[in-house]
Amino acid sequence: IMTLYEVHSALARNLGDPFKETSGSTIYDGVRYSKEARKSYLYRASCSIINEVVTQLAQLPQEQAAFILTKIFPSLISTLNTDAIGTSDTIVQYNFYDIGYNPDSIGIACILNAYLFENDSVGYLPVPLLDTHRARKITSISSRRQMNDPIAWVEQSYNYSPTNAFRIAVNGGAMDMSTYQLGISFIRYPLNQALTDGTLGFDFETSYMNTVLNKATLYGMTDGGDLTPEQILPLLAK
């Protein structure tokens with residue numbers, strides 16, 4: 001795993017703006033690029049890589065896409081749980097960017113799976129994740145389907161922006177969910193790390209570090225006027 005210092009040092013050299021060598025713990029500004037600018041390029045590049053992979057897998061069945069994502073981003077897998085659902089109503093919704101469920105404000109890139117569990121139970125019950133259209137069709141009042149098993153889906157809403165809301169809806173079917181909690185596992189966005197300690201590991205998959213540095217370099221060169229937006233787009237596509 002590369003440290004923050006090593007990643008910033010490598011990016012600074014790529015940009016032709018190296019900062020002075022230290023013991024490997026202090027990250028300095030360069031002449032043309034500040035450390036905060038480099039931090040921005042690295043975070044933007046890391047998030048861009050995740051978004052590109054998720055987009056490429058969007059057409060695959062949920063389980064297949066989730067399996068591939070766990071292989072590509074194993075260190076970015078995280079989980080969040082709600083409190084007890086406390087009701088057996090038909091549909092319950094949770095905003096997983098709510099500070100009560102997500103105290104560290106972890107960024108959610110893509111849901112892998114959802115599950116129900118009880119506090120006094122060792123196991124958990126997987127809940128199929130459906131697309132919104134199919135879920136609404138199944139749960140429609142006019143639907144003749146007798147739904148016995150619970151299902152879940154990502155509920156989009158114009159009342160929330162994507163940056164502060166990630167709502168999961170769950171329908172218990174014939175199951176009484178009042179004693180259960182809803183949990184999700186997902187691929188998270190990396191931390192936008194503070195630069196106070198350069199010895200910390202850079203929060204991203206090591207296998208993608210060359211891609212991160214290449215993208216971050218292109219972003220920096222564009223900001224620095226060395227590349228135009230027209231020149232950068234073909235390079236980012238490679």
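Placed above this text is the structure.
It is worth spelling out the overall build of the chain at this point. Counting its regular elements, the chain contains 6 helices and 8 strands. Across the chain, helices and strands are ordered from the amino to the carboxyl terminus as α-α-α-β-β-β-β-β-α-β-β-β-α-α. By the burial criterion, 45% of the 238 residues in the chain qualify as buried. Of all intrachain contacts in the chain linking residues separated by at least 6 positions in sequence, the fraction that spans at least 24 positions is 65%. As presented, the chain carries roughly 13200 Å² of accessible surface, and 50% of it is formed by carbon and sulfur atoms.

The next thing to look at is the pattern of salt bridges. Here the structure, examined in full by the defined rule, presents 3 salt bridges. Linking Lys39 and Glu36 is a salt bridge whose minimum nitrogen-to-oxygen distance equals 3.9 Å. Note that Lys39 and Glu36 are positioned in helix H2 (residues 35–56) at a spacing of 3 residues, about one turn of the helix. Residue classification places Glu36 among the partly exposed residues on the basis of a relative accessible area of 45%. The salt bridge partner of Glu52 is Lys215, with a shortest N-O separation of 2.8 Å. Of this pair, Glu52 sits in helix H2 while Lys215 sits in helix H5 (residues 209–223), and the two are 163 residues apart along the sequence. Given the relative accessible area of 6%, Lys215 is considered buried.

Next up on the list: empty space enclosed by the protein. The gaps left among the atoms become clear once a water-sized probe is rolled over them. Across all of its chains, the model carries 1 cavity of 30 Å³ or more by this definition. Its volume calculated, the largest cavity comes out at about 90 Å³. Secondary structure elements with two or more residues in the lining of the largest cavity: helix H1 (4–14) and H2. Considering only residue class, the lining of the largest cavity consists of 7 nonpolar, 4 polar and 2 charged.

Residue position: Phe166 is located in the loop between strand E6 (151–155) and strand E7 (167–171). On the basis of relative accessibility, which here comes to 16%, the residue Phe166 falls in the buried class. When the C-alpha positions of Phe166 and Glu155 are compared, they lie 7.8 Å apart, and in sequence the two are 11 residues distant.

In an α-helix, one full turn covers 3.6 residues, which means residues spaced three or four apart are oriented alike. A rise of 1.5 Å per residue sets the reference length of H5, with its 15 residues, at 21 Å; its end C-alpha atoms lie 21 Å apart and thus fit the reference within 8%. Taken together, the buried positions of H5 are occupied by Met209, Val212, Leu213, Lys215, Ala216, Thr217, Leu218, Tyr219 and Gly220. Phi turns positive one or two residues past the end of H5, at Gly225, with a value near 85 degrees.

The strand order E2-E7-E6-E5 describes an open sheet built from 4 strands, whose pairing is mixed. The two strands at the open ends of the sheet, each matched to only one other strand, are strand E2 (91–95) and strand E5 (129–130). Pairing geometry for E6 and E7, over 5 bridges, is antiparallel. Bridge assignment links Val154 to a residue of E7, and that residue is Ile168.

So, about the packing of aromatic side chains. Scanning the entire structure with this criterion turns up 9 aromatic pairs. Both rings, one in Tyr94 and one in Tyr101, keep their centres 5.6 Å apart while their planes meet at 80 degrees; by these two values the pair is edge-to-face. Members of the aromatic cluster, each reached through a chain of ring pairs, are Phe73, Phe204 and Tyr208. The cationic tip of Lys20 hangs over the ring face of Tyr28; the distance from NZ or CZ to the ring centre is 4.4 Å. The side chain of Arg44 reaches across the aromatic face of Tyr219, ending 3.7 Å from its centre.

Here the focus is the pairing of E6. For E6, the tally of buried residues reaches 5 of 5 residues, placing the bulk of the element in the interior. The pairing of E5 with E6 spans 2 bridges and is parallel. Looking at E6, one finds that Leu129 is bridged to Ala152.

Conventions and cut-offs
- Each chain has its residues counted from 1, running along the sequence as written.
- Local features in this predicted model are restricted to residues whose pLDDT is 70 or higher, and side-chain atom pairs enter the listing and the counts only when it is 80 or higher, whereas totals over whole chains, interfaces and linings include all residues.
- Note that water and hydrogens are dropped before the side-chain values are worked out from all heavy atoms of the structure.
- By the criteria applied, helices consist of DSSP H or I runs no shorter than four residues and strands consist of E runs no shorter than two, each listed in order from the N terminus.
- Classification of residues uses two cut-offs on accessible area relative to the type maximum, computed with a 1.4 Å probe and protein chains only: under 20% is buried, over 50% is exposed, and between them is partly exposed.
- Contacts: residue pairs with any heavy atoms within 4.5 Å of one another.
- Surface accessibility in these figures is a Shrake-Rupley result with a 1.4 Å probe; residues are shielded only by whichever protein chains are displayed.
- Salt bridges are counted wherever a side-chain nitrogen of Lys or Arg sits within 4 Å of a carboxyl oxygen of Asp or Glu.
- A pocket here means an open set of points on a 1 Å grid, computed over the protein atoms alone, that has protein on both sides within 12 Å along at least five of seven lines. A cavity is instead a set of points where a 1.4 Å probe fits but cannot get out; residues with an atom within 4 Å of a point line either one.
- Grid points are joined across faces, edges and corners, and a volume is the space filled by probe spheres set on the points.
- Throughout this entry, Asp, Glu, Lys and Arg are counted as charged residues, while Ala, Val, Leu, Ile, Met, Phe, Trp, Tyr, Cys and Pro are counted as nonpolar. The remaining residues, Gly among them, count as polar.
- To estimate how far a helix should reach, multiply one less than its number of residues by 1.5 Å.
- Two strands pair if DSSP finds at least two bridges between them.
- Paired rings are identified among Phe, Tyr and Trp, the last through its six-membered ring, by centres lying within 6.5 Å, and are further divided according to the angle between planes into stacked (under 30 degrees), edge-to-face (over 60) and tilted (the rest).
- Two thresholds decide whether a charge sits over a ring: the Lys NZ or Arg CZ must be within 6 Å of the ring centre and within 35 degrees of the ring normal.

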